Amino acid sequence: MADGSRSVRGGGGGGSSPGSSPVLGGRCRGWAPSAVPPGHGFRRVTLTKPTFCHYCTDFIWGLAGYQCEVCNFMSHEKCLKNVKIPCSCIAPSLVRVPVAHCFGPPGHYKRKFCTVCRKSLESPAFRCEVCELHVHTDCILFACSDCRQCHQDGHQDQDTYHHHWREGNLPSGARCEVCKKTCGSSEVLSGMRCEWCGILAHAACYIIVTPECTFGRLRNMILPPSCVQLFSRNFSKLHCFRISENLQAESDEDDDVDGSTQVSAKDVQISTDSSKQTLKIFDGNDAVKRNQFRLISIPRIAKNEEVVEAALRAYYINDDQQEYELQTFTQQALLSDDVINRNDAAEDSNSGSVFRESVPEAWIIRAKPKDEEVIRIYPAWLKVGMAYISLRVNKESTTQSVIKEVLPLLGRQTECLQNFKLVEVLMGSKQVQRMVLDSQELILNRLKDIRKTSIRQMNQTRFYVVENSKSIVRVNLFIGGLPPQLSPEEYTNILKDELAIKTNVVSVSHVYQAQGAVVLEISCFSEAERIYMLVKDTTVNDKPLNAVVIPEVMASKIPQNCWPLLVFVNPKSGGLKGRDLLYSFRKLLNPHQVFELNNGGPLPGFHTFSKVPSFRVLVCGGDGTVGWVLGALEEIRHKLVCSEPSVAILPLGTGNDLGRVLRWGAGYSGEDPYSILISVDEADDVLMDRWTILLDAEEPADGAENGVAEPEPPKIVQMNNYCGLGIDAELSLDFHHAREEEPGKFNSRFHNKGVYVKVGLQKISHTRNLHKDIKLQVDQREVELPSIEGLIFINIPSWGSGADLWGSDSDDRFEKPRIDDGLLEVVGVTGVVHMGQVQGGFRSGIRIAQGSYFRVTLLKPIPVQVDGEPWIQAPGQIIISAAGPKVHMLKKSKQKQKKTGSLKEMRVDSMAVSEGGR
């Protein structure tokens with residue numbers, strides 16, 4: 001080993017998968033310290049730059065180290081015997097439950113490492129939107145289908161969850177929960193993290209942690225995966241988790257960006273040595289048709305065996321190279337449907353050099369035919385016990401004979417063969433595909449076809465023996481954008497006309513008449529997919545429809561001490577922070593409890609949680625977003641089992657007055673999302689008044705044709721914070737118009753406030769005798785107004801980004817304001833200068849009245865704004881009154897969180913850790 005002439009290659013069947021729950025079975029429980037490293041092919045290499053060990057993360061002193069020729073794992077010689085992380089070539093065989101990843105668009109990620117090749121992500125790369133997987137664009141095909149299992153889909157469902165380990169990309173200060181030493185590194189892919197509870201550990205320590213995961217500190221907020229059911233065979237992961245498809249705009253331009261020629265350009269650099277040549281390697285007919293190849297660099301005098309071994313390494317395959325051969329073909333053959341074997345007449349050249357005067361354009365890896373083979377059969381119903389059965393098959397072996405031979409080994413020999421089927425599962429990184437094999441299909445022929453299509457796919461293919469059962473298909477689709485206030489029959493007729501739904505497999509299960517939305521229950525996968533895709537291009541009354549795939553929450557399975565958190569995020573708020581928060585909350589919680597408000601609004605989220613006995617809500621957005629969610633909650637409260645959920649706020653807007661009052665701060669500035677969730681869990685429940693505003697115009701709005709238009713019908717809006725008339729609403733209206741003209745510029749609170757100042761300065765010289773244009777009644781009493789330009793009704797002690805408009809001075813005429821006292825305060829301002837003085841803290845507004853019922857008479861059109869939404873209100877009546885029951889809000893606790901060495905350590909359930917260390 002020391003002279004570097006021989007390599008140390010590990011076996012192909014050991015080690016616990018770092019990206020999945022521990023594999024069950026005797027062969028898959030980890031390697032003893034004296035064992036050969038799992039699947040790696042280490043070779044002594046000369047180091048030409050500073051290098052760190054991937055096992056202990058220490059610097060490798062000297063000029064020699066040991067590197068895996070397949071996955072680039074680097075190690076000290078002393079650490080070789082302790083390496084327990086499996087090589088990328090055998091990682092697919094160690095996945096316990098195959099779950100595809102949900103990749104967003106390629107992006108640049110600093111200080112991150114590829115899970116497949118372990119190299120730094122210097123070029124654009126992919127990341128999973130649900131777990132912490134990061135991969136290069138040309139490594140994505142080789143990533144394991146080892147994402148988090150966030151719901152039950154009828155395949156290998158379970159109630160007990162194990163830790164879901166993911167290697168590397170930890171903060172440099174992360175500490176192991178077993179030995180309490182640093183386990184993170186910014187130099188290499190190192191350390192392990194459970195993606196449910198967040199426990200951190202060394203690669204040498206995580207195997208002694210108790211396998212069962214209790215979801216850590218956030219267990220009371222996480223929607224347990226065992227409580228969520230979603231049948232999603234024909235839907236992509238983006239559709240299942242309601243992730244906006246515009247995220248993929250960049251990557252959709254080239255469907256073959258993963259593994260295609262242009263993203264393999266980094267491998268071209270290895271051929272600069274004139275003594276070497278670069279070859280294109282295809283792994284099967286599918287790669288040829290897609291023109292997806294890998295580049296390898298070999299010496300010009302290399303033998304075929306060396307080329308085959310290098311080609312297998314390029315595709316992360318650790319099989320014996322004697323079982324494979326290379327075939328050459330010309331560019332013309334690339335365009336044909338069948339690839340011709342051009343090596344049949346040159347059998348004696350297999351041991352010779354591949355160097356020729358004319359180098360072949362490309363090579364294809366082929367598996368040599370076999371008369372018999374050993375395959376693994378996985379029992380799909382087992383939750384504990386052995387992981388698979390090894391079975392030898394020959395040319396006569398059929399699906400039925402395999403099932404007949406396997407059942408006795410599983411203790412099911414007394415059962416009928418017809419009650420079982422053999423399912424072929426392709427564990428792709430983007431999609432897990434299942435296909436039931438015909439009972440008379442020859443197994444060896446099937447294996448030959450798979451390898452002919454793709455050698456890599458064979459490495460990612462499994463066979464499961466599955467019990468036959470009547471599968472119940474039930475896909476729930478939320479359809480929004482329909483005309484409101486129609487009957488279920490009318491909605492069904494509209495869907496028949498516009499979408500041609502098949503009523504024998506599609507039924508309307510829920511109707512939300514006020515919102516113009518329905519929920520369809522579909523018992524056919526293909527029909528569900530057809531409707532989903534058709535809705536995107538359908539409009540009703542010139543209004544586009546929208547469709548959302550809805551999971552089913554099985555409320556009876558939710559633990560009694562669990563109050564799942566329903567998260568709404570407005571990605572348009574706070575610049576790009578809303579998008580980042582979506583990503584973070586999907587990782588910290590179950591992505592099925594995180595909803596993007598751009599995709600159907602709040603209603604899909606409330607419908608999903610309609611049967612949950614108790615839950616809380618977190619709204620990430622500005623005051624307008626909070627009002628939107630509270631309004632939707634008020635409308636469908638009667639359809640929720642938990643009719644009064646408490647609502648927390650993560651302020652992303654410009655003013656964020658409600659967030660200030662409830663102690664959530666002036667605005668989100670990059671705090672750790674985990675600490676935010678802890679604050680929500682520890683927050684205090686408080687009540688807040690909400691108000692209904694009736695707008696009854698007595699004259700037609702401006703712009704009516706021929707002046708004979710009818711007056712606008714009465715309109716009702718809800719108010720949470722404040723309602724302004726006059727100069728206050730006029731400034732909001734000007735800001736609103738400026739934002740509509742150039743929406744791209746309004747992506748930061750600093751810029752937004754600058755625009756407010758600008759429009760305010762333009763109004764300094766304007767005078768408006770508002771007190772002459774309106775009349776005010778408070779609790780049936782006429783109130784004389786002083787000389788003012790603005791009249792403001794306030795429900796909370798914060799206005800205009802934190803200003804105290806009412807003031808703190810005591811006044812015997814009025815009660816001390818509270819957000820739950822059932823009273824509104826009425827304040828006047830004399831102009832823009834007065835408003836600026838209030839916001840600067842130099843003055844307060846003019847106290848006018850306090851009451852619970854208000855009638856304002858407008859004598860002329862006047863600007864009005866409610867919670868930041870402005871418009872011009874025609875002359876008429878405005879009536880403000882209390883809106884039903886008070887709403888439950890969450891107020892951030894004054895008690896500070898207990899500080900520890902790392903915020904990540906707080907995510908660990910101390911009881912689980914102490915048990916794991918025993």
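Residues numbered from 1 in each chain as written. Predicted model: local features only at pLDDT ≥ 70, side-chain atom pairs only at ≥ 80, totals over all residues. Heavy atoms only, no water.

1. Side note on helix α5 (residues 399–409)
In step 1: Along α5, the residues that are buried comprise T399, V402, I403, V406 and L407. Down the axis of α5, the buried set is contained in an arc of 125 degrees. They therefore lie on one face.
In step 2: Against β15 (372–379), β16 (389–394), β17 (420–427), α6 (443–453) and β19 (461–467) lie the buried residues of α5.
In step 3: Within two residues after α5, G411 carries a phi angle of roughly 75 degrees, on the positive side. (Buried < 20%, exposed > 50% of the residue type's maximum accessible area, 1.4 Å probe, protein only. Helix = DSSP H or I, 4+ residues; strand = E, 2+ residues; numbered from the N terminus. Arc of directions from axis to C-beta. Contact = heavy atoms within 4.5 Å.)

2. Topic: the packing of helix α10 (residues 577–588) against helix α14 (residues 673–682)
In step 1: Between α10 and α14, the shortest axis-to-axis distance is 10 Å and the interhelical angle comes to 65 degrees. Classified by the angle their axes make, α10 and α14 are roughly perpendicular. Crossing handedness for the pair α10 and α14: right-handed. Taken together, the residues of α14 that come into contact with α10 (itself represented by L581, S584, F585 and L588) are P673, Y674 and L677.
In step 2: Tallied by class, the residues present in the contact of α10 with α14 amount to six nonpolar, one polar and no charged. (Axes fitted to C-alpha atoms, helices over the stretch in contact; angles between N-to-C directions. Parallel < 35°, antiparallel > 145°, perpendicular 65-115°, else oblique. Left-handed = near helix turned anticlockwise from the far one by under 90°. Nonpolar A, V, L, I, M, F, W, Y, C, P; charged D, E, K, R; others polar.)

3. Re the side chain of N590
In step 1: Position of N590 among the secondary structure elements: in the loop between α10 and β28 (594–596).
In step 2: Judged by relative accessible area, N590 falls into the buried class, the value being 0%.
In step 3: A distance of 3.0 Å separates a polar side-chain atom of N590 from the backbone oxygen of L223.
In step 4: In contact with N590, other than residues within four places in its own chain, are C150, W196, I222, L223, P224, P225 and V228. (Polar contact = N/O pair within 3.5 Å; in protein donor to acceptor, adjacent residues only side chain to side chain.)

4. A closer look at α14
In step 1: In terms of burial, α14 is largely enclosed, as nine of its 10 residues are buried.
In step 2: Every buried residue belonging to α14 is among P673, Y674, S675, I676, L677, I678, S679, V680 and D681, and all of these are buried.
In step 3: Each element contacted by the buried residues of α14 is listed here: β27 (565–569), α10, β29 (616–621), β30 (646–651) and β44 (887–891).

5. Notes on the pattern of salt bridges
In step 1: Tallying each qualifying case throughout the model produces 28 salt bridges.
In step 2: K180 serves as the salt-bridge partner of E177, at 3.3 Å between the closest nitrogen and oxygen.
In step 3: Across the salt bridge formed by K395 and D371, the nearest N and O atoms sit 3.2 Å from each other. Of the two residues, K395 is situated in the loop between β16 and α5 and D371 in the loop between β14 (362–367) and β15; the sequence distance between them amounts to 24 residues.
In step 4: Through salt bridges that share partners, R217, R616, D681 and E682 make up one connected network. (Salt bridge = Lys/Arg side-chain N within 4 Å of Asp/Glu carboxyl O.)

6. Description of the sheet that holds strand β8 (residues 192–194)
In step 1: Pairing in this open sheet of three strands is antiparallel, and the strands run β7-β8-β9 from one edge to the other. Edge strands, defined here as strands with exactly one partner in the open sheet, are β7 (165–167) and β9 (200–201). (Pairing = 2+ DSSP bridges.)

7. Things to note about the pairing of β15
In step 1: In the sheet, β15 pairs with β16 via six bridges, with the strands oriented antiparallel. Within β16, the residue paired with E373 across the bridge is V393.
In step 2: Pairing geometry for β15 and β19, over three bridges, is parallel. Pairing of P379 across the sheet is with V465, part of β19.

Any functional reading would require information that these geometric values do not contain.
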